[in-house]
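Below, each chain spelled out in residue letters.
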Amino acid sequence: MTLEEKTAQLVGYWLDQNGVVAPMQGEMTATADGRTLADITRHGIGQFTRVYGTRPVEPDERAAWLWAEQRRLVRETRLGIPALVHEECLTGLAAWKAATFPTPLAWGAAFDPDLVEQVGAVIGESMRQLGIHQGLAPVLDVVRDPRWGRVDECIGEDPYLVGTVGTAYVRGLQGAGVDATLKHFLGYSASQAGRNHAPVHAGPREIADVFLPPFEMALRDGGARSVMNSYAEIDGVPVAANGELLTDVLRDRLGFDGTVVADYFSVAFLEVMHGIAADRGEAAALALSAGIDVELPTGDAFLQPLVDRVRAGLVDEALVDRAVLRVLRQKERLGLLDPSAFEDEPPTGIDLDTPRHRALAKALAARSLVLLANRPVPGGADLADTVHAAPVLPLRADATVALIGPNADRAEALQGCYSFANHVLAAHPDLPLGFDIPTVREALTTSLGSSAVRFATGCAVSGTDRSGIADAVAVAQASDVAVVVVGDQAGLFGRGTVGEGNDTESLDLPGVQRELVEAVVATGTPTVVVLLTGRPYAIGWALDGDAQRPDAPLPAAVVQAFFPGEEGGTAIADVLTGAASPSGRLPVSLPRAAGAQPYTYLHPRLGGPSDVTATDSTPVRPFGFGLTYTSFAYEDLVTDPTVGSDGAFDVSVTVRNTGDRAGDDVVQLYGHDVHAGVTRPVAQLLGYARVALAPAESVRVRFSVPVQRFAFTGRDLRKVVEPGDVEVWVASHAAASRPGGTVHADGIVAVRGGSGPEPVPGSATDRAVVRVTGPVREVEASDRRIVTWERV
């Protein structure tokens, strides 16, 4: 291969430039200057960037074009190597008319890796059918600050939850023949003040123990074949030029042998954003040496600037060869070097939104909905009747419903930032979405009948226009129940309230939406608040009351939905009406205030509330929290008392449905290292299991916990398991009180007022102590999820 042919394999080419779907795209993208695609690819090409996902294209027509172009590359370039095609696939394939699934934060809320794996598989099948070989997902960044705009792309704040769910998605996607790309390696979500592309101030222990484990799990247990670097700089070193991370950790320590692709323009950003390279040639040298193999989305640095530096003797050509061999191995494994790869005719009659897509989208949406509050309301028409008080949800079949709010009748409100609708189609308002996506209004009307649902918008998602609130109040006053649907509009770089580049300084609901909710609640009509958001907001005022207004009435119920996708409206209607029971759990703590951020439930003792500070970081609702329409009890916790440092210990517990409705429980196993060489979290998720139970039914859940779950990076920066005592317990969330506390397990109690830490509904077993014996042993942090359960 000539040097030009080698470097051509190390870059992508962006066929279309309509709209802005990457940071600084307008400033960074070069034009073709009248050259044809044949001229541009005369030496070949490594990847085609977003063939389907940059503008609306008919799938059949684009597939026919792509097959023809691949044949041209095979027949008319000297080496005859086809292009690898990559696409975004975070909420489904980002293409026109393709199914849109719940956003990854909803994957975390579902606590259901098996279902996420099925979703990954059906997405991968659609991609492979269209000739796409690599998906730029999943995002394995661990949430640290909900002010960050990209929270909706993340799975949660716990590394183990992120790792197990993300690994499941990798297995599904790659099982369908599409390479998954883990992103963003590493530490991206710890950006300063929650601002996109901001510096990261994280020590090596936090990097190793919080941000690295999900990637390690997806690589070791999921076999992920590609990794994308983070835009971040950590302690002054941009990740795109950090060989310690991209080579020493990723390849030498974790054994990764796939391709590292650059996040869009991140190689050039070494010059224009970070200022550590004098020009694109030096940027190319730094990135290539550090371990980036492929520059995306184009060849700003890895083409002529890199060629010039190699020929000037400033870059060893062996570094180019190293990256080329990795790229060619990937293409060979994907079948692209097979001479018959494109001899078949391109597919026709392509359906990217089949009944299977929709069934999986609905199942994941339904399991991701989190019931945060469900208070009793007087029965019948007599507001003084407290004898027959019952939770407002599920709604009475004969109730008239005032459906209110800016997100009640908008399909875009159901979809995340990386959905095609909000990512691309927002720039093409004249075109339809291309698939069916019932809004909450449409779904609830289908369930209850048109005569039972009265609608008013009330206000917009953002802005200060309050003119519609009076109409909303009137509609609420004339109805039995009000359902107010508020929240976010996902978008890019200022085109929304959440999403990439849409960071926030406040965690209040955008615009005047809180005023809308409070005006409706003040009518006295029992009010259900449904939050359609891409981040958790500070809604303590709706759950526990406002300390400044202790007498203000509260909503009767609150439901959290993290952008639930194309069947999200139907799933919400099913939960509201009782056709389905809520079973989601919070994958992130529900913040008390923006000023309490960054926060994680994985904090050491000094990270919680204390008498030596006047501020309180305790979340309004903890990680893992979620109510149901029934109740569960945990009984007969049994653990192994002693385990060797090279083994695992078993924990078993009986879970019983103590209510009168069927429901799913997410059984959560937590632990605490009692004494260690460095400070440890007060609670740490060790495992979890989703179980379905009929009324009065019990199951025996058994966890097999590798002692590596208690591994941490010691003072010498080696990951170790220390001997000693660890406490373990089973709970309904990370802050559940042990028996003997003051909290009811049925989730009906209303906690009011105060800025200090308050108990929240929950239940837990007593703590058991397990003793880990043996010497300090260095370990790998990866472990597989081993959970079984049987009915008793």
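Note: the structure precedes this text.
K.L.:
Hey, could you run me through the overall build of the protein in this one?
P.N.:
Scanning the protein from terminus to terminus reveals 21 helices and 29 strands. A compact globule built from 792 residues would reach a C-alpha radius of gyration of about 28 Å, and the protein, at 26 Å, matches this within 12%. For the C-alpha atoms alone, the extent of the protein along its principal axes is close to 85 × 65 × 50 Å. Taking all contacts inside the protein whose residues are at least 6 apart in sequence as the whole, residues at least 24 apart take part in 81%. A distance of 2 Å separates the average location of the 67 positive side-chain charges in the protein from that of its 99 negative side-chain charges.

K.L.:
When you look at the pattern of salt bridges in this model, what are you seeing that I'm missing?
P.N.:
Side chains carrying opposite charge are able to pair once their charged atoms draw close together. All chains considered together, the criterion is met by 40 salt bridges. One salt bridge in this structure joins Arg 225 and Asp 179, with 3.3 Å as the shortest N-O distance. With Arg 225 in the loop between α9 (213-220) and β6 (226-229) and Asp 179 in strand β5 (residues 179-185), this residue pair connects regions lying 46 residues apart in the sequence. Shared partners join several salt bridges into a network, and the residues in it are Asp 353, Arg 358, Glu 566 and Glu 567.

K.L.:
Got a minute to help me understand the sheet that holds strand β16 (residues 527-533) in this structure?
P.N.:
As a general point, the strands of a sheet are linked pairwise by backbone hydrogen bonds and lie either parallel or antiparallel. The strand order β10-β17-β16-β15-β13-β14 describes an open sheet built from 6 strands, whose pairing is mixed. Edge positions in the sheet fall to β10 (370-374) and β14 (453-456), since each has one partner strand and no second. Adjacent strand axes in the sheet meet at a mean angle of 20°, parallel and antiparallel pairs treated alike. Set on the sheet, helix α17 (residues 440-448) makes contact with β13 (401-404), β14, β15 (481-487) and β16; between it and β13 the angle comes to about 170°. Most of the contacts of helix α21 (residues 568-577) go to β16, to which it runs at about 155°, and overall it touches β15, β16 and β17 (557-562).

K.L.:
Looking at this structure, I do not really get the packing of aromatic side chains. What am I missing?
P.N.:
By convention here, two paired aromatic rings are described through the distance between centres and the angle between planes. This structure, assessed with the given rule, holds 16 aromatic pairs. Centre to centre, the rings of Trp 148 and Tyr 188 are 5.0 Å apart; their planes meet at 85°, and the pair counts as edge-to-face. One end of the pair, Trp 148, is in the loop between β4 (134-135) and α7 (159-175); the other, Tyr 188, is in the loop between β5 and α8 (204-211), with 40 residues separating them in the sequence. Owing to a relative accessible area of 1%, Trp 148 belongs among the buried residues under this scheme. Arranged with centres 6.0 Å apart and planes meeting at 70°, the rings of Tyr 188 and Tyr 231 form a pair that is edge-to-face. Residue Tyr 188 is located in the loop between β5 and α8, and its partner Tyr 231 is located in the loop between β6 and β7 (233-234); the two are separated by 43 residues in the primary sequence. Take Tyr 188 and Tyr 231: they sit in the same class, and that class is buried. Among the aromatic residues, those joined into a ring-pair cluster are Phe 111, Tyr 160, Tyr 601, Phe 623, Tyr 670, Tyr 688 and Trp 729. Here the basic side chain of Lys 97 rests over the ring of Trp 96, its NZ or CZ set 4.7 Å away from the ring centre.

Conventions and cut-offs
- Residues numbered from 1 in each chain as written.
- Predicted model: local features only at pLDDT ≥ 70, side-chain atom pairs only at ≥ 80, totals over all residues.
- Heavy atoms only, no water.
- Helix = DSSP H or I, 4+ residues; strand = E, 2+ residues; numbered from the N terminus.
- Rg over C-alpha atoms; globule rule 2.2 N^0.38 Å.
- Contact = heavy atoms within 4.5 Å.
- Lys, Arg positive; Asp, Glu negative; His and termini not counted.
- Charge placed at Lys NZ, Arg CZ, Asp CG, Glu CD.
- Salt bridge = Lys/Arg side-chain N within 4 Å of Asp/Glu carboxyl O.
- Pairing = 2+ DSSP bridges.
- Axes fitted to C-alpha atoms, helices over the stretch in contact; angles between N-to-C directions.
- Phe/Tyr/Trp six-rings, centres within 6.5 Å; stacked < 30°, edge-to-face > 60°.
- Buried < 20%, exposed > 50% of the residue type's maximum accessible area, 1.4 Å probe, protein only.
- Lys NZ or Arg CZ within 6 Å of the ring centre and 35° of its normal.

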